[in-house]
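Architecture and fold: a report
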Amino acid sequence: MPLFVLNRPKSDPLYAKILILTGVIGFSWLIIQGFSIGIRGWNYDWLTALFGKLDGRQFGMGYGGLFLASSFLFLLTQGIAARGAINGDVFVVSAIGFVIAIVGAFVFFPIVNMLMSAFITEDGSYSFMVFAGKFFDDRLWGLSCLSGPGRCGVAWNSLFLAVCVGFLTTILGLTFALVVTRSGFKYRRAVRALTILPIITPPFVIGLALILMFGLSGAVTEFLSELFGLQPTRWLYGLPGVMIAQVLAYTPIAFLVLIGVVEGVSPSMEEAAQTLRASRWQVFRTVSLPLMRPGLANAFLLGFIESMADFGNPLILGGNYDVLSTEIFFAIVGAQYDQGRAAVLAIVLLGFTLTAFYAQRKWLGKKSYTTVSGKGDSGVHPLMPRGLAIPVLAIAALWSAFTLIIYGMIIYGSLVKLWGVDNTLTIKHYVTAFSVRITDKGWQWTGSAWDSFWTTIQIATIAAPLTAAVGLITAYLLTRQNFRGKNAFEFGTMLSFAIPGTVIGVSYILAFNVPPIELTGTGVILVISFVFRNMPVGVRAGIASMSQLDKSLDESSLTLGANSWQTFRKVILPLLKPAILAALVYSFVRAMTAISAVIFLVSAKYDMATSYIIGRVENNDYGLAIAYSTTLIFVMLSAVGILQLLVGRTKIGRRGSAAKDKL
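Computed from a predicted structure; not experimentally measured.

When helices and strands are counted, the protein chain shows 29 helices and six strands. Here the C-alpha radius of gyration of the protein chain, 27 Å, is about what a compact globule of 663 residues would show, namely 26 Å. The burial tally for the protein chain puts 53% of its 663 residues in the buried class. Excluding contacts between residues fewer than 6 apart, the proportion of contacts in the protein chain whose partners are at least 24 apart in sequence is 74%. As displayed, the protein chain offers around 30500 Å² of accessible surface, 65% of which is attributable to carbon and sulfur atoms. Side-chain charges in the protein chain split into 49 positive and 31 negative, and the spacing between the mean points of these groups amounts to 12 Å.

Here we come to unusual backbone geometry. Apart from glycine, the bulk of residues carry a negative phi angle, and the bulk of peptide bonds sit in the trans form. In this chain, Pro515 is followed by Pro516 through a cis amide linkage whose omega measures 15 degrees. By the secondary structure assignment, Pro516 is in the loop between helix H22 (501-512) and helix H23 (523-546). Positive phi outside glycine occurs at Ile86, with the angle close to 50 degrees. Looking at where Ile86 falls in the secondary structure, it is placed in the loop between helix H3 (63-82) and helix H4 (90-115).

The subject of this paragraph is H3. The terminal C-alpha atoms of H3, which comprises 20 residues, lie 28 Å apart, in line with the 28 Å expected from a rise of 1.5 Å per residue. Within H3, the full set of buried residues consists of Gly65, Phe72, Leu73, Leu75, Leu76, Thr77, Gln78, Gly79 and Ala81. Looking at the buried positions of H3, the neighbouring elements they touch are helix H1 (13-36) and H4. Positive phi appears at Gly84, one or two residues downstream of H3, with a value of about 110 degrees.

The share of residues in the protein chain with pLDDT of 70 or more is 92%, and the mean pLDDT across the chain is 83. Ignoring residues within four places in sequence, the model shows residues 654-663, a span with pLDDT below 50, making 22 contacts including any to other chains.

Following the criterion strictly, the structure yields eight salt bridges and no others. Across the pair Arg8 and Asp12 runs a salt bridge whose closest N-O atoms are separated by 2.7 Å. Here Glu306 ties to Arg590 by a salt bridge, and the two come within 3.2 Å at their closest N and O atoms. In this pair, Glu306 sits in helix H14 (residues 293-309) while Arg590 sits in helix H26 (residues 577-593), placing the two residues 284 residues apart along the sequence. Here Glu306 matches Arg590 in class, with each residue buried.

Turning next to the layout of surface pockets. There is about 1700 Å³ of room inside the largest pocket. What lines the largest pocket is a set of 48 residues, and nearest its centre among them are Leu66, Ala101, Ile102, Ala105 and Phe106. Of all the secondary structure elements, the ones that give two or more residues to the lining of the largest pocket are H1, H3, H4, helix H20 (450-480) and H23. Looking at the lining of the largest pocket element by element, the count peaks at twelve residues for H4. A class-by-class count of the residues in the lining of the largest pocket yields 36 nonpolar, ten polar and two charged.

Let us now look at the packing of aromatic side chains. One pass over the structure, following the stated rule, counts 36 aromatic pairs. Relative to Trp454, the ring of Trp445 has its centre 5.6 Å away and its plane inclined at 80 degrees; by these criteria the two rings are edge-to-face. Trp445 gets classed as partly exposed once you look at its relative accessible area, which sits at 46%. One aromatic cluster in this structure is built from Phe119, Phe128, Phe131, Phe135, Phe136, Trp141, Trp156 and Phe352. The side chain of Arg234 reaches across the aromatic face of Tyr237, ending 4.5 Å from its centre. Positioned over the ring face of Tyr612 is Arg616, at 4.9 Å from the centre of the ring.

Take the side chain of Ser452 next. Counting through the fold element by element, Ser452 comes out in helix H20. Overall, Ser452 belongs to the buried group, its relative accessible area being 3%. Within polar-contact distance, the side chain of Ser452 engages the side chain of Tyr628 at 2.8 Å. Not counting chain neighbours up to four residues away, the residues in contact with Ser452 comprise Asp607, Met608, Ala609, Tyr612 and Tyr628.

What counts and what doesn't
- Residues numbered from 1 in each chain as written.
- Predicted model: local features only at pLDDT ≥ 70, side-chain atom pairs only at ≥ 80, totals over all residues.
- Heavy atoms only, no water.
- Helix = DSSP H or I, 4+ residues; strand = E, 2+ residues; numbered from the N terminus.
- Rg over C-alpha atoms; globule rule 2.2 N^0.38 Å.
- Buried < 20%, exposed > 50% of the residue type's maximum accessible area, 1.4 Å probe, protein only.
- Contact = heavy atoms within 4.5 Å.
- Areas by Shrake-Rupley, 256 points an atom, 1.4 Å probe, with all protein chains shown as cover.
- Lys, Arg positive; Asp, Glu negative; His and termini not counted.
- Charge placed at Lys NZ, Arg CZ, Asp CG, Glu CD.
- Expected span 1.5 Å × (residues − 1).
- pLDDT = per-residue confidence, 0-100.
- Salt bridge = Lys/Arg side-chain N within 4 Å of Asp/Glu carboxyl O.
- 1 Å grid on protein atoms, 1.4 Å probe; cavity = no way out; pocket = protein on both sides within 12 Å on 5 of 7 lines; lining within 4 Å.
- Points joined across faces, edges and corners; volume = space filled by probe spheres on them.
- Nonpolar A, V, L, I, M, F, W, Y, C, P; charged D, E, K, R; others polar.
- Phe/Tyr/Trp six-rings, centres within 6.5 Å; stacked < 30°, edge-to-face > 60°.
- Lys NZ or Arg CZ within 6 Å of the ring centre and 35° of its normal.
- Polar contact = N/O pair within 3.5 Å; in protein donor to acceptor, adjacent residues only side chain to side chain.

This is how it looks when you write it as structure tokens:
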């Protein structure tokens, strides 16, 4: 069909109609064909009667189907652009079509497939009453909090915990961002590296370190008991322990989002306020802080969502404080295997997340936070006012010391025979995991952890740039373009982040274990799960940074003859280095340390580091598990440093000299 309009101009109405028709018919045919044939033959009896029975196992679509779908998508977006959509901009229309297609296939389809099970009865039919019976369960919405801590319904427990974690991580993230960018502190680089540490650690390792410090027989507990004669308690198990672990784990996310926003505030605006005789405190309170609102809102949203979706920390430290994520986990992997209950719990969790999402948008409103325009900017950031600098530096110092103690415990635990029982120093755990022999045949990786280590490195290296690319292109579309369905488009990009990894893993198994798309047991399904699970961080970081860039930059580039792709590549991306770094770092380390989805998606051929570590923990081999985790920490620290060197920093004016100037 496209050959009929091969030589016609794009302005010809027939050109657009033919290409759109081709794309629609092609996609429709692929979808109909894909869902008509199942793993054992036709999915519908009338097709069997019409075409006859299919013998043998039927396989899903492969790379040929991917190529064909991409071709139909290209023709469809070309036709829509030729019709005049978004001023006929082929790059923008193609980018929107691409994101919609991949989000629809790898986010919307598997999650909807999973959530629909909330309405399925025992005989396979659909009923709203089944959903209502599980939704209005007293265990979910109970209000018996007065009878004891953590006795509320799991929904209220999760909401309270997520709000607290969101506020605390945002405050701490802003604190460290100010220390790095607005203080004369000599060791700012060390502080930047320290804030990244918790994000590159498997969550249950932090939980174990907290137990060994503050548990019933922990080092700190025993020390205080002997010093003051206090009776040891189990205070750590419940809300306090989970909150400490989550704040420790998710503060780096807030920092990565806020560091780009704090650096992105134009120094000229702050200097203009100083010229008008405003004090440093007035400048910070009335100029700097209001311009940081996009970063604060996005940092809170990510902390809230991460807390909602986390199940590793509540699993270890939760005690009697039940939350939605652990309830979902036990509903799926427990003896009951209640897929419908897990789906209902996931819907509740999604409702809380969407509420936070729209509250964030309401708080930001339609105000402009643009600070970077096409004009030259030679200003420098003022240092924090003294009244703010003292508490900020004190909080940063205390939290840094606490973090260092936690990681000192982790490293120490990897070097003793049996943590908490036999503290004799040894390196046997590292030898068991990462031993190497040199023989006549060359290097032999004899350690038990090498296979999962190299697989994890390979998967994370592939997933990180893909995650950053998709996330930043999506952020560009959301901040720079106006099109129908924009709110639904943004919701779709956040959907995978709002659902717990456990549900993501199960939904991928259910959706991609049979035709039309079979990915179970391959490395591709791991890459895809990481890309779409972590993409929202790139989106939120990109939105927070792009909201500070004046649209006149884009308009100037377009006026000078550049197209949208050239403008995005040569003008926007160089100003988004903090957001790019945040997306790359987060996606890489998350792929290295992810637990929930990985448990369901690994295979014998593609085993991941966290799956291996969990296996060691289940066998009570804590030393080997902690040794492996410690190795991953140092590997990821090196990777973060390399990424920072490759990406670089955004330089606007004399930013580098800000710390040296004693203003």
